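# Report on the structure
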Amino acid sequence: MLTRPTAAPAAPATPDRILTGDRPTGPLHLGHYFGTLRNRVRLQNEGVDLFLVIPDYQVLTDRDVAERLGEHVEGLVLDYLAAGVDADRATIFTHSAVPALNQLLLPFLSLVSVAELGRNPTVKDEIAHSRQAAVSGLMYTYPAHQAADILFCKATLVPVGRDQEPHLELTRTIARRFNERYGPVFPEPRTLLSEAPLLLGTDGTKMSKSRANSLALRASSDETARLIRGAKTDATRLISYDPEHRPEVSNLVLIAALCQDRDPHELAAEIGTGGAAALKATVTEAVNTYFAPLRARRAEYAQDLGHVRQLLHEGNRRANELAEKTLTEVREAMGTTY
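Okay, so let's go over this structure. These numbers were taken from a predicted model, which means no experiment stands behind them.

## What to know about the overall build of the chain
- When its secondary structure is counted, the chain shows 13 helices and 5 strands.
- For the chain, buried positions account for 51% of its 338 residues.
- At a minimum sequence separation of 6, the contacts of the chain that also span at least 24 residues come to 77%.
- Total accessible area on the chain is roughly 15,500 Å²; 51% of this is exposed by carbon and sulfur atoms.

Following this line, the structure appears as structure tokens:
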């Protein structure tokens, strides 16, 4: 479910266009699917112009080396296609393949102060959990780079969680300052707040690719069963849905309820005194049943990686075409068309 977008764009823009994406650091998991991916497909099917960036450059913001990058990029494309993203209607592209997008970073950095970049809460969190030997300059430019992702295609809507709102606010600030300084080029994108529930991983903490606690969309039925068997619960045999007092048990109930499109309280009452074993069996069956078609589609796409690469190539072509057009407008506004 999504809240109604707020705030109007500051400059003329195309009909609603969404920019979103995922860093290529590993396979997408159930948290991604129920948090954003399923909704992206819904919006695409409703006619919204969907742009999906695979920010391969941003992998380097919090780690020294981008390991297995090509494999992860192709894996993301497979996950997108399997989930229902239509490459004929959506534009899937990578950072590194769109030079004009990245060139926007230079004028954008002139519009924000070091202090504004440094106090961004997401940057602070990334620095705290960085895998780098030392924090790189790229880390501090991350919010401005994300603004370039959004503004190069003049996106009008950006789906975010509440923790990411400061990023979008800085993007609006950059757009507004550019328009005031050089003339109206960019819309100020609106926030599309997600009300999707936060899913926990098998260890009871936030489900994350980097914490080895996630249920990957591509996992086999046997792997899914093994991971769920090892999921953290508690000692109370009666199953209930109480996220505040029983977060791990409630998380498993919620996963099954999402897969079965049921009320989690009703599902918990049905399991009753069956205990953790019955709960985990229910979750395993629900997940494997729900994701069986997606996994079958993914396996089919994976048999022809040449076609997958061609779809990405076409998405990169579209993104380049649009980025060059936007960069030309920027140069004209700045008077740098020599």
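## Here's the deal with helix H8 (residues 165–182)
- With 18 residues, H8 extends 26 Å between its outermost C-alpha atoms, agreeing within 8% with the 26 Å of an ideal straight helix rising 1.5 Å per residue.
- Along H8, the residues that are buried comprise His167, Leu168, Leu170, Thr171, Arg172, Thr173, Ile174, Ala175, Phe178 and Asn179.
- Looking one or two places after H8, you find glycine 183, whose phi comes out positive at around 120°.

## Digging into the pattern of salt bridges
- Tallied over the full model, the rule gives 19 salt bridges.
- With a closest N to O distance of 2.9 Å, arginine 262 and glutamate 270 form a salt bridge.
- According to the relative accessible area criterion, arginine 262 is partly exposed, its value standing at 23%.
- Given a relative accessible area of 57%, glutamate 270 falls into the exposed group.
- Its salt-bridge partner being arginine 317, residue glutamate 314 comes within 2.7 Å of it at the nearest N-O pair. With a gap of 3 residues between them, glutamate 314 and arginine 317 both fall in helix H13 (residues 305–334), about one helical turn apart.
- Overall, arginine 317 belongs to the partly exposed group, its relative accessible area being 40%.
- What you see here is one network of salt bridges that share partners, running through Glu314, Arg317, Arg318 and Glu321.

## Concerning unusual backbone geometry
- Phi at lysine 154 takes a positive value of approximately 55°, unusual for a residue other than glycine.
- Secondary-structure assignment places lysine 154 in the loop between helix H7 (137–152) and strand S4 (157–160).
- Look at aspartate 261: it is not a glycine, yet its phi comes out positive at around 55°.
- By the element assignment, aspartate 261 lies in the loop between helix H10 (247–260) and helix H11 (264–271).
- Since its relative accessible area comes to 73%, aspartate 261 is described here as exposed.

## A word on the nonpolar core
- Leu30, Tyr80 and Phe291 are the most contacted members of the largest nonpolar core, which totals 55 residues.
- Secondary-structure elements contributing two or more residues to this core are helix H1 (30–45), strand S2 (49–54), helix H2 (69–83), helix H9 (221–229), H10, H11, helix H12 (275–302) and H13.
- Residues contacting phenylalanine 291, with those up to four places away along its chain left out, are Leu30, Tyr33, Phe34, Leu217 and Cys259.
- Listed in part, the 36 residues of the second largest apolar core include Val53, Val112, Val185 and Ala323.

## Brief notes about the side chain of arginine 17
- Following the sequence through the fold, arginine 17 ends up in strand S1 (residues 17–21).
- Here the side chain of arginine 17 touches cysteine 153 through a polar contact of 2.5 Å, landing on its backbone oxygen.

## Let's talk about the packing of aromatic side chains
- Applying the stated rule across the entire model yields 12 aromatic pairs.
- Pairing phenylalanine 178 with tyrosine 182 gives two aromatic rings, centres 4.9 Å apart and planes at 50°, and the pair type is tilted. Here tyrosine 182 and phenylalanine 178 lie together in helix H8, a separation of 4 residues that amounts to about one turn.
- Assessed through its relative accessible area of 0%, phenylalanine 178 is described here as buried.
- Using a relative accessible area of 28% as the deciding quantity, one classes tyrosine 182 as partly exposed.
- Ring-pair connections join several aromatic residues into one group, and the members of that group are Tyr33, Phe34, Tyr290 and Phe291.

What counts, and where the lines are drawn
- Residues numbered from 1 in each chain as written.
- Predicted model: local features only at pLDDT ≥ 70, side-chain atom pairs only at ≥ 80, totals over all residues.
- Heavy atoms only, no water.
- Helix = DSSP H or I, 4+ residues; strand = E, 2+ residues; numbered from the N terminus.
- Buried < 20%, exposed > 50% of the residue type's maximum accessible area, 1.4 Å probe, protein only.
- Contact = heavy atoms within 4.5 Å.
- Areas by Shrake-Rupley, 256 points an atom, 1.4 Å probe, with all protein chains shown as cover.
- Expected span 1.5 Å × (residues − 1).
- Salt bridge = Lys/Arg side-chain N within 4 Å of Asp/Glu carboxyl O.
- Core = buried A, V, L, I, M, F, W, Y, C linked by side-chain atoms within 4.5 Å.
- Polar contact = N/O pair within 3.5 Å; in protein donor to acceptor, adjacent residues only side chain to side chain.
- Phe/Tyr/Trp six-rings, centres within 6.5 Å; stacked < 30°, edge-to-face > 60°.

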